[in-house]
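Coordinate inspection notes
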Amino acid sequence: MKRLLIFGGTADSHPLLDWLLPFNVRVTLCVASDYAKALLPSTDKIQIRVGRLDAADMAALMHGQHFDCVIDATHPYAEEATRNIRSAARQSGLLYFRLLRPPGDERGCAIVPSVGLDKRGGRVLIATGSKELAAYTRVKDFAERCYPRVLPTAGAIEQCVALGFRQSHIIAMQGPFSEALNIALFRATG
């Protein structure tokens, strides 16, 4: 039986688990929140660990148990988590895989490499997750322009409000999101 260590986001790890579980595997799945855990299937093939881990914690976990490989199925914007997972896997000598989402069709959207949106103007649909929201408060008129899409948890919504985002602009939804839904959100937010 293969033993896999997976670091998973709420949307990215589910299809992977659905594909893996029919095989002869045992999975230790690390998720950041109780919300992510609640969405997962209950099976004796999955041990779920809840809570954010830093690079040292990840390395200790990898050294403490015998895994055949580590799979990074975190959110595409979870760059710090990916760096930490990759570093810990390298230190532990574990085979590392990164699960990537297929590229989307960005017709009519302005793709920007950073939060430096002041020069562009216009409205912004923020789909980077609540952990990254503070950076958007530096955008001129962010409360008017920005629409954060976050998980439907009290903590995520409270964070949006505490940072100064308008309640009427908060989109609280669980992904994954279809192309049609994304297009509808773009149209609804302008």
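Residues numbered from 1 in each chain as written. Predicted model: local features only at pLDDT ≥ 70, side-chain atom pairs only at ≥ 80, totals over all residues. Heavy atoms only, no water.

1. Side note on the sheet that holds strand β1 (residues 2–8)
This is how it is decided: For two strands to be treated as a pair, DSSP must find at least two bridges joining them. Where helices and strands are cited, they refer to DSSP runs of H or I of at least four residues and of E of at least two residues respectively, numbered from the N terminus. Inter-axis angles, ranging from 0 to 180 degrees, are taken between N-to-C directions of lines fitted to C-alpha atoms, where helices are fitted over the stretch in contact. Working rule for contacts: check all heavy atoms of both residues, and any pair within 4.5 Å makes them a contact.
Read from one edge of the open sheet, five strands run β3-β2-β1-β4-β5, paired in parallel fashion. Looking at the sheet topology across the chains shown, the edges are occupied by β3 (46–50) and β5 (95–98). When the angles between neighbouring strand axes are averaged without regard to direction, this sheet yields 20 degrees. One ladder, built from five bridges, connects β1 with strand β4 (residues 69–73); its direction is parallel. Paired with Gly 8 across the strands is Ala 73, a residue of β4. In this fold helix α1 (residues 13–20) packs onto β1, β2 (25–31), β3 and β4, with an angle of close to 165 degrees to the strand it touches most, β1. Strands in contact with helix α4 (residues 79–92) are β1, β4 and β5; relative to β5, the strand with the most contacts, it is inclined by about 160 degrees.

2. What about α1?
So the rule is basically this: Burial here depends on accessible area, computed with a 1.4 Å probe over protein chains only, as a share of the maximum for the residue type. Under 20% is buried, over 50% is exposed, and the range in between is partly exposed. The directions considered for the arc run from the helix axis to the C-beta atoms.
Taken together, the buried positions of α1 are Ser 13, His 14, Leu 16, Leu 17 and Leu 20. An end-on view of α1 places all buried positions within 160 degrees of arc, on one side of the element. Exposed residues pointing more than 90 degrees away from the buried face of α1 are listed as Asp 18 and Trp 19. Residues of α1 that are buried in the fold lie against β1, β2, β3 and β4.

3. A few points about the packing of aromatic side chains
The line we're drawing: Classification of ring pairs rests on two measures: the distance between centres of Phe, Tyr or Trp rings, Trp counted by its six-membered ring, which must be within 6.5 Å, and the angle between planes, read as stacked under 30 degrees, edge-to-face over 60 and tilted in between.
Under the criterion given, the structure shown has two aromatic pairs. On the basis of an interplanar angle of 55 degrees and a centroid distance of 5.2 Å, the ring pair of Trp 19 and Phe 23 is categorised as tilted. Of the residues examined, Phe 23 reaches a relative accessible area of 44% and is grouped as partly exposed. Here Phe 142 and Phe 165 contribute two aromatic rings whose centre-to-centre distance is 5.1 Å and whose plane-to-plane angle is 80 degrees, an arrangement assigned as edge-to-face. Highlighted residues: Phe 142 in helix α5 (residues 142–145) and Phe 165 in the loop between α6 (154–163) and β8 (171–172), separated in sequence by 23 residues. We classify Phe 142 as buried; its relative accessible area is 15%. Of the residues examined, Phe 165 reaches a relative accessible area of 3% and is grouped as buried.

4. Focus on the side chain of His 169
Rule in force here: Residues adjacent in sequence count toward polar contacts only when both atoms are side-chain atoms; beyond that, a polar contact is any pair of N or O atoms within 3.5 Å, and within protein one must be able to donate a hydrogen and the other to accept it.
Inspection of the secondary structure assignment puts His 169 in the loop between α6 and β8. The buried category is assigned to His 169, whose relative accessible area is 7%. Here the side chain of His 169 touches Ala 143 through a polar contact of 3.4 Å, landing on its backbone oxygen. With residues up to four places along the chain from it excluded, the contact list for His 169 reads Ala 143, Glu 144, Cys 146, Tyr 147 and Pro 148.

5. Details of the nonpolar core
Most often, soluble globular proteins keep nonpolar side chains buried together rather than apart. This is how it is decided: For this analysis, a nonpolar core means a set of buried residues of the types Ala, Val, Leu, Ile, Met, Phe, Trp, Tyr and Cys, connected via side-chain atoms within 4.5 Å.
Leu 4, Ile 6, Leu 17, Val 27 and Leu 29 are the most contacted members of the largest nonpolar core, which totals 16 residues. Going through the elements one at a time, β1, α1, β2 and β4 are the ones with two or more residues in this core. Looking at this core element by element, the count peaks at four residues for β2. Counting 13 residues, the second largest nonpolar core, distinct from the first, contains Ala 59, Leu 61, Met 62 and Ala 88.

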